[in-house]
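Next come the chains, spelled out residue by residue.
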Amino acid sequence: DVKVTQSSRYLVKRTGEKVFLECVQDMDHENMFWYRQDPGLGLRLIYFSYDVKMKEKGDIPEGYSVSREKKERFSLILESASTNQTSMYLCASSPGQGRYQETQYFGPGTRLLVL
Amino acid sequence: AQKVTQAQTEISVVEKEDVTLDCVYETRDTTYYLFWYKQPPSGELVFLIRRNSFDEQNEISGRYSWNFQKSTSSFNFTITASQVVDSAVYFCALSATGSARQLTFGSGTQLTVLP
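About the thresholds
Residues numbered from 1 in each chain as written. Chains lettered and ligands numbered in written order. Predicted model: local features only at pLDDT ≥ 70, side-chain atom pairs only at ≥ 80, totals over all residues. Heavy atoms only, no water. Helix = DSSP H or I, 4+ residues; strand = E, 2+ residues; numbered from the N terminus. Buried < 20%, exposed > 50% of the residue type's maximum accessible area, 1.4 Å probe, protein only. Contact = heavy atoms within 4.5 Å. Buried area = accessible area lost by both parts, 1.4 Å probe. Salt bridge = Lys/Arg side-chain N within 4 Å of Asp/Glu carboxyl O. Polar contact = N/O pair within 3.5 Å; in protein donor to acceptor, adjacent residues only side chain to side chain. Nonpolar A, V, L, I, M, F, W, Y, C, P; charged D, E, K, R; others polar.

Next up on the list: the environment of V24(A). Residue and element names in this part refer to chain A. Within the secondary structure, V24 is located in strand β3 (residues 19–25). Taking the relative accessible area as the measure of exposure, V24 reaches 24% and is therefore partly exposed. Considering only alpha carbons, one finds V24 and E72, 48 residues apart in sequence, at a separation of 5.4 Å. Those residues within four positions of V24 in sequence are excluded, and the remaining contacts are K3, V4, T5, E72 and R73.

Moving on, we come to the interface of chain A and chain B. With 21 residues of chain A at the contact, the number on the chain B side is 18 residues. Of the roughly 1,800 Å² buried between chain A and chain B, counting both surfaces, carbon and sulfur atoms make up 54%. When the area that chain A buries against chain B is broken down by residue, the three leading residues are L43(A), E102(A) and F106(A), summing to 32%. The interface formed by chain A and chain B holds zero salt bridges in total. If you look at where chain A meets chain B, you find three residue pairs in polar contact (both at pLDDT 80 or more). Breaking the side of chain A that touches chain B down by element, the ones donating at least two residues are β4 (31–38), β5 (42–49), β9 (87–94) and β10 (105–106) of chain A. Examining the composition of the side of chain A that touches chain B, we find that four residues originate from one element, β4(A), more than from any other. Taken together, the residues of the side of chain A that touches chain B break down into 12 nonpolar, five polar and four charged.

Structure, rendered in structure tokens:
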């Protein structure tokens, strides 16, 4: 079974803090993704990565950065957290090759509250 | 541009009823993939099915079935004899080869199955 884990289920931070959200997958997947999910807005792609040290902006990259130093780990960084970044953050990975190359598998999510 | 529309925001049914969740998509690509995910209250998105654009065969898996019709650009999901555990938000998603690593999600349908 594909396993995608996220470092925290719940996180509370103060405005201006630097926040790191970590995601690890154990299936040697090429691609990794970060989404945020907000009521009424659905899932929106923040950033994705198709290889180590490679990254591409998604639909809403402003205020975020990412890091992928190792294939299995994809970090989302909020350089200076703001209250409008309070959200549910979901990490996903996909194989990138083979028959189910585009199928994304999701982690349990991190609910971030910025005060 | 790609788009996925789930017109049903919320559906309530009584246990053992059948329920169909609608999904309509738009894409200019001739090769694409369609997905359904389930998001229970715990928050994790669970992959249910993937279908490619060349395979219009309907699929059945236990109480779940999917009806893919290219002529109407629809990929509907039916749950037969619904159960309380089916209560969740269900998302339809589209991945086209032009942006093969990205998914475009619908806004989701909240299904509540009442005992």
